Amino acid sequence: MKPAVDQLVGASARAVPELMFDASEATTLDPQASHGLNDVLQGKRAAQRRAQEQQVPSRLSQLQLSDLLLPVSLLVLLFVAACAAFPGAIAPYLPTDMRTEAILSAPGAAHWFGTDQFGRDVFSLVVYGARQSVLIGIFAVLISCSIGASIGLTAGYAGGWLDSVLMRLVDIWLAVPNILLAIALSTVLGPSLVNTIFAISIAAIPRYARVLRGQALSVRNRPFIEASRAAGASHFAILRRHVLPHCSVQIMVLATLGVGSSILIGSGLSFLGLGVNDECPDWGYLLTQGRGYLTVAWWTVTYPGLAITSMVVSVNLLGDALRRRFDPRTGPR
Amino acid sequence: MLRRIVERLLVSLGVIFGAVTLIFLILNWLPGDAATLIAGEDASPETVHHLRVKLGTDRPLSDQYRSYLNGVIHGDLGTSYVTREPVVRRLAAQLPSTLALTFSACSLAVLLGVSVGVLSVLYRGRWLDHAIQSVSLFVHSMPSFWLGMLMILLFSVRLGWLPVIGNGGVLPLVLPVGTLGIWLSVPLQRLVRDGLLESLHEPYVTTLRAKGLGERRIFYVHVLRNAVTSTITLLGVMVGESLSNAVIIETLFARQGIGRTTVEAIGQKDVPVVQGAILISSVAYVIVNLLVDLSYTLIDPRTRLVVSKGTR
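Residues numbered from 1 in each chain as written. Chains lettered and ligands numbered in written order. Predicted model: local features only at pLDDT ≥ 70, side-chain atom pairs only at ≥ 80, totals over all residues.

### A closer look at the overall build of chain B
Here is the rule we go by: In this text, helices come from DSSP runs of H or I with a minimum length of four residues, and strands from runs of E with a minimum of two, each type numbered from the N-terminal end. The burial label depends on the number of other C-beta atoms within 10 Å of a residue's C-beta. Counts of 20 or more mean buried, 12 or fewer mean exposed, and intermediate counts mean partly exposed, with C-beta atoms placed from the backbone. Contact criterion: two residues are in contact if their C-beta atoms, reconstructed from the backbone, are within 7 Å.
Helix and strand counts for chain B come out as 14 helices and zero strands. Tracing chain B from N to C terminus, the helices and strands come up as α-α-α-α-α-α-α-α-α-α-α-α-α-α. Referenced to the eigenvectors of the C-alpha coordinate spread, the extents of chain B come out at roughly 85 × 65 × 30 Å. The proportion of buried residues among the 312 residues of chain B is 36%. In chain B, the share of contacts with a sequence separation of at least 24, taken over all contacts with a separation of at least 6, comes to 71%.

Put into structure tokens, the structure is as follows:
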């Protein structure tokens, strides 16, 4: 395997200068035109530089803000992960612990987040509910991102009829609003964790496909792709070794942001009664239950919702940070 | 121009046809049988079979698909398993309520998104901008129904200004529309802000400055118009999101509408109603996207120029 790679890299390295020479020859055919182009490019670059200079203060303050928020969000994610892995060690009570003497009691020293209508400790319920949200977030993204990326990269790289067919399918897929698609799937499949993850994944696939097709499209005509094709690399090998690595940053950012939206859709499904409802309810289902006691016990809905929101905020901040760190094209916002 | 419009119309028709097929396949072909679900786990095989014959799900799938497609073309979405009522009639009765919700929510979102985005740019780098961006990040990461619950807690429970549930009149509409509108406005606000910040550095602004135009006029007349035009693209996505979230918001506020009907139908395993409701939302979504696409060609002179050059 390894020598083949070296050969491939060697071949592409050898082939590139030739191709570049071709390109430069083409542009120097008309010196006047290239001169004009250079002027334009220089002007644009100067404008960009000016823009950057002008934006320095706002970018600095932005950096300070995210510098402050990023560690906090990482801590939140760490804590949620700990809750998901060892809920028993963190929660003071069991999620099945019903205390009839403490039904709907307000937050206090004994119950930090209060108790619900069954006398269960809301803090413990939130801790035990973390696992489902984390599992949904991670696995839905793993499935949807890998399938969506495969479709998108294949379509963008292949072009032609395959691209048209795949993208028409994606268009149709996108025509059904994603929550409704997930609702339809989980209606048929019935409530269970695996089915919820499946439904959310299927609904999220076309978005990954759309974006990554664009990425692959921008890579496919680069000289090194042509070079490795000339060197005899198979299409699959090119996709895996050249196109995929070129899109890895996009995939990483999309996947991170996708965790947040998967958790949101998952909580929505739970809220509608389509999610998992065993003895260890997830955050969305806690909100459904608390909804009936909204007017008398604000804590039954406030804390589970806060848990969802803080986790999604953290994931989104992480995604934004990744994008800023790795993608030079998205400028300061 | 006309060729492009016709082309887009045909593509949209194709997409709608595909969506009908997709929804049909999901609800009828995937494992999970309505008859078994309705009859319950304890039902005997004969009962299930009898029910299947009655519902028409014993026929081969291609047969069912053909008759369903034929029905859709003639405006017939089947009959409800539960009430034996035509699905079209049932959904048509709920449509006005959902339209009122989604239309007002989208209008509010555009109003809020544009004005807050502009405000954010006017105060860029200062505390107001930071506050707006932080709140946006937070709202963007909330489930829409939790935002709704917080609004209920604040405006109905604590302040007692607004009713929580109800269908008639304007007052019960305030909280659902407010919730959905605020929730939808966040991506728009960000797009407006990014667009404005970007176009403030475009060469044409320098030209305008060189011409001696005042900053105020440059911003409000030229830059703003460009940025707002670009937000039209987001309108299609927004309508899709509002239709999706109408299901959740209507359930939360116990409002009538297509979304709540869908949720009820899911509880009763009433496949034709679920199918019809999702179909209507998808068709609406495709049509709005088509209109957005076409209006973009009308509004933005750059795309028009390319098109007229191509056809000439």
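### Quick look at the overall build of chain A
Along the backbone of chain A there are twelve helices and zero strands. For chain A, the succession of helices and strands along the chain, N to C, is α-α-α-α-α-α-α-α-α-α-α-α. Long-range contacts, defined as pairs at least 24 residues apart, comprise 71% of the intrachain contacts of chain A with a sequence gap of at least 6.

### Quick notes on the nonpolar core
As a rule of thumb, soluble globular proteins bury nonpolar side chains together. Which entries qualify depends on this criterion: To form a nonpolar core, buried Ala, Val, Leu, Ile, Met, Phe, Trp, Tyr and Cys residues must be joined through C-beta atoms within 7 Å.
Ranked by internal contacts, the top residues of the largest apolar core, which has 144 residues, are Val-126, Ala-182, Ile-183, Ala-184 and Ile-200 of chain A. It is helix 4 (residues 122-158) of chain A that provides the largest number of residues to this core, a total of 17 residues.

### Describing the confidence of the model for chain B
Residue and element names in this part refer to chain B. Filter applied, for reference: The pLDDT value tells you how sure the predictor is about a given residue, anywhere from 0 up to 100.
On average, residues of chain B carry a pLDDT of 82, and 90% of them reach 70 or more. The secondary structure element of chain B with the lowest average pLDDT is helix 14 (residues 301-311), at 49, and the one with the highest is helix 5 (residues 87-122), at 90. Counting contacts from residues 305-312, a segment whose pLDDT is below 50, to residues more than four positions away or on other chains yields five contacts.

### Brief notes about the interface of chain B and chain A
Threshold: In this classification, the charged set is Asp, Glu, Lys and Arg, the nonpolar set is Ala, Val, Leu, Ile, Met, Phe, Trp, Tyr, Cys and Pro, and all remaining amino acids, among them Gly, are polar.
Counting residues at the interface gives 41 residues for chain B and 42 residues for chain A. Across the side of chain B that touches chain A, the residue classes break down as 27 nonpolar, twelve polar and two charged.

### Remarks on the packing of helix 8 (residues 171-199) of chain B against helix 11 (residues 232-252) of chain B
Two packed helices can be described by the angle between their axes and the distance between those axes. All names here are of chain B. Our working definition: Where helices are involved, their axes are fitted lines through C-alpha atoms of the stretch in contact, as for all axes, and angles between N-to-C directions lie from 0 to 180°. An angle counts as roughly parallel when it lies under 35 degrees, as roughly antiparallel when it exceeds 145, as roughly perpendicular when it falls between 65 and 115, and as oblique in every other case. A crossing counts as left-handed when the near helix is turned anticlockwise from the far one by less than a right angle, and as right-handed when that turn is clockwise.
Helix 11 packs onto helix 8 with a crossing angle of 150° between their chain directions and a minimal axis gap of 10 Å. Regarding the angle of helix 8 to helix 11, the classification is roughly antiparallel. As helix 8 packs across helix 11, the resulting crossing turns out to be right-handed. Residues Pro-176, Thr-179, Leu-180, Leu-184, Pro-187, Leu-188 and Leu-191 of helix 8 touch helix 11, and the partners they reach there are Leu-234, Met-238, Glu-241, Ser-242, Asn-245 and Ile-249.

### Observations concerning unusual backbone geometry
All names here are of chain B. The residue Arg-84 is not glycine, and still its phi comes out positive at about 55°. Considering the arrangement of structural elements, one finds Arg-84 in the loop between helix 4 (61-73) and helix 5. Its 7 C-beta neighbours within 10 Å are what place Arg-84 among the exposed residues.

### Details of the confidence of the model for chain A
Residue and element names in this part refer to chain A. In the predicted model, chain A carries a mean pLDDT of 76, and the fraction of residues at 70 or more is 77%. Model confidence for chain A, summarised as mean pLDDT per element, is weakest for helix 1 (residues 2-28) at 37 and strongest for helix 4 at 90. For residues 1-43, every residue scores under 50 in pLDDT, and the model assigns this stretch 21 contacts once sequence neighbours within four places are set aside. Across residues 52-61, confidence stays below pLDDT 50; counting only partners more than four residues off in sequence or on other chains, it has seven contacts.

### A closer look at helix 9 (residues 203-210) of chain B
Counting buried positions along helix 9 of chain B gives zero out of eight residues, so the element sits mostly on the surface. Among the residues trailing helix 9 of chain B, Gly-212 of chain B stands out with phi positive, at a value near 95°.

### Let's talk about the packing of helix 4 of chain A against helix 5 (residues 160-175) of chain A
Residues and elements named next belong to chain A. Direction vectors running N to C along helix 4 and helix 5 enclose 145°, while the axes themselves pass 7 Å from each other. The chirality of how helix 4 crosses helix 5 is left-handed. Here Ile-151, Thr-154, Ala-155, Gly-156 and Ala-158 of helix 4 come into contact with helix 5, specifically with Gly-160, Leu-162, Asp-163, Leu-166 and Met-167. Looking at the contact of helix 4 with helix 5, its residues break down into six nonpolar, three polar and one charged.

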